[in-house]
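Report on the structure
Here is what each chain is made of, one letter per residue.
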Amino acid sequence: MARGELMKKLLASYGRDEEFRAVVEQIITDEEKKNNNVLARSLRKTLDNIGHTAAPQTAGLSRLLPFPDEAKEFIQRIDPRHTSQDIVLSHENLEQFVGLIQEFRQADRLKRHGLSVRSKLLFCGPPGTGKTLCAEAFAAELGLPLFHVRLDSLISSYLGETASNIRKTFEFARRQPCVLFFDEFDALARSRDESGEHNELRRVVNSLLIFIEQIAPSGFLIAATNLDRHLDPAIWRRFDEVVWFELPDAGMIRKYLAHAFKNTKIAFDPDAFIAELDGFSYADLEKVCIQALKLSILESSKQVSDTQFRAALRQAKRRRKREAQVES
Ligand SMILES: Nc1ncnc2c1ncn2[C@@H]1O[C@H](COP(=O)(O)OP(=O)(O)OP(=O)(O)O)[C@@H](O)[C@H]1O
Ligand SMILES: [Mg+2]
């Protein structure tokens with residue numbers, strides 16, 4: 001590959017450790033081919049040294065700050081398994097994410113004008129619409145480490161132990177560029193509702209909200225909930241941006257099916273199923289597609305047939321029906 005192209009790829013891989021390494025490997029191979037062996041060896045040595053000092057995976061090239069020991073009970077580092085390539089996003093959400101990424105990457109320019117970056121995000125929407133997936137992909141896209149906060153444990157640890165746990169967690173997020181992800185944020189709202197006479201719990205929840213309000217994370221704080229309309233305004237207003245995740249409409253179902261079968265031959269017309277898939281979440285759609293693919297493998301078909309897709313869809317419908325019965 002031309003040197004210019006490799007340089008562009010190298011710059012584009014900034015913050016993504018694995019991609020960065022792959023591009024450097026390409027550069028080394030290129031130099032070896034040109035018999036520039038001294039340079040190639042020296043590049044390899046430099047790359048190996050980076051391997052000993054840089055934090056792994058998405059921490060990119062920056063070192064991770066030591067994590068507060070007390071917080072290990074309720075915070076977990078997640079290595080993102082998904083990237084933006086795995087997500088089917090509506091045009092609106094895509095636009096929102098592109099804007100947020102642009103702000104983050106050019107934070108210094110904004111700060112010079114006295115403006116701050118939107119860094120506290122609330123993801124709302126029904127189950128299986130990609131809230132957790134997007135938090136992962138967002139961290140991966142920005143090359144930031146992702147930390148998952150288990151709110152239920154955090155709240156109870158705070159009750160029984162000391163306020164410093166929460167303070168340390170937020171202090172960590174203020175100093176360490178990362179995505180601090182509060183999944184199932186409804187737990188907080190529920191605790192607030194249920195606290196009733198329980199003054200201690202109410203106090204805990206309220207202080208958590210104050211911490212969220214006051215923090216200016218050096219990365220992002222993302223909270224996800226599927227109880228969108230029940231969250232009270234005191235919670236909404238603490239976030240700089242709310243991202244809505246919807247169940248897929250006909251257009252998005254079509255897009256999802258094309259995405260799911262992009263590397264697989266199919267012998268059916270996906271459009272014929274769109275009406276039947278109405279009301280399915282992306283997670284439901286994923287189950288149908290995977291099941292259809294499994295059937296085609298088990299039946300040694302060269303492509304996913306109409307019958308196989310139909311059988312997978314029948315199974316998913318039965319399951320959804322039972323789940324709906326249990327819920328009601
Ligand atoms: N927009 C999407 N594009 C592609 N796949 C998706 C999308 N949304 C969800 N999925 C698939 O469904 C699975 C479940 O999604 P995810 O866990 O992100 O949902 P969620 O909105 O966080 O749900 P919950 O409210 O139950 O936590 C994902 O692992 C992914 O495989
Ligand atoms: Mg989730």
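Bear in mind the structure is a predicted one, so any value in this text is a computation, not a measurement.

Parameters at a glance
Residues numbered from 1 in each chain as written. Chains lettered and ligands numbered in written order. Predicted model: local features only at pLDDT ≥ 70, side-chain atom pairs only at ≥ 80, totals over all residues. Heavy atoms only, no water. Patch = residues over 30% accessible without salt bridge, like charges linked within 9 Å, V, L, I, M, F, W, Y side chains within 5 Å. Areas by Shrake-Rupley, 256 points an atom, 1.4 Å probe, with all protein chains shown as cover. Salt bridge = Lys/Arg side-chain N within 4 Å of Asp/Glu carboxyl O. Lys, Arg positive; Asp, Glu negative; His and termini not counted. Charge placed at Lys NZ, Arg CZ, Asp CG, Glu CD. Helix = DSSP H or I, 4+ residues; strand = E, 2+ residues; numbered from the N terminus. 1 Å grid on protein atoms, 1.4 Å probe; cavity = no way out; pocket = protein on both sides within 12 Å on 5 of 7 lines; lining within 4 Å. Points joined across faces, edges and corners; volume = space filled by probe spheres on them. Expected span 1.5 Å × (residues − 1). Buried < 20%, exposed > 50% of the residue type's maximum accessible area, 1.4 Å probe, protein only. Contact = heavy atoms within 4.5 Å. Axes fitted to C-alpha atoms, helices over the stretch in contact; angles between N-to-C directions. Left-handed = near helix turned anticlockwise from the far one by under 90°. Nonpolar A, V, L, I, M, F, W, Y, C, P; charged D, E, K, R; others polar. Core = buried A, V, L, I, M, F, W, Y, C linked by side-chain atoms within 4.5 Å.

1. Looking at a negative patch on the surface
A cluster of acidic side chains, namely Glu92, Glu95, Glu246 and Asp249, defines a negative patch on the protein surface. Here aspartate 249 is to be found in the loop between β6 (241-244) and α12 (250-260).

2. Here's the deal with empty space enclosed by the protein
The gaps of empty space that remain are located by a probe, the size of a water molecule, rolled over the atoms. Applying the stated criterion across every chain yields a total of one cavity of 30 Å³ or more. By volume, the largest cavity is sized at about 50 Å³. Surrounding the largest cavity, Asp284, Lys287, Ala316, Arg319, Arg320 and Glu323 form its lining. In terms of residue count, the dominant contributor to the lining of the largest cavity is helix α14 (residues 306-327) (four residues).

3. Describing helix α4 (residues 91-105)
Spanning 15 residues, α4 covers 21 Å between terminal C-alpha atoms, matching the ideal 21 Å at 1.5 Å per step. Along α4, the residues classified as buried are Asn93, Gln96, Phe97, Gly99, Leu100, Ile101 and Glu103. Against α5 (107-112), β2 (120-124), α6 (131-142), β5 (220-225) and β6 lie the buried residues of α4.

4. Concerning the packing of α4 against α6
Direction vectors running N to C along α4 and α6 enclose 35°, while the axes themselves pass 11 Å from each other. Handedness of the α4/α6 crossing: right-handed. Contacts between α4 and α6 pair Phe97, Leu100, Ile101, Phe104 and Arg105 from the former with Cys134, Phe138, Glu141 and Leu142 from the latter. A class-by-class count of the residues in the contact of α4 with α6 yields seven nonpolar, no polar and two charged.

5. Considering the nonpolar core
Counting residues in each nonpolar core, the largest one holds 31 residues, and the members touching the most others are Leu151, Phe182 and Phe185. Among the elements of the structure, β2, β3 (146-149), α7 (151-160), α8 (164-175), β4 (179-182), α9 (186-194), α10 (199-214) and β5 are those that each provide at least two residues to this core. With five residues, the single largest contributor to this core is α10. Once residues within four sequence positions are removed from consideration, leucine 151 is found in contact with Phe182, Asp183, Glu184, Phe185, Ala187, Leu188 and Leu208. If you look at the next biggest cluster of nonpolar residues, it comprises 23 residues, including Phe123, Ala137, Phe138 and Phe245.

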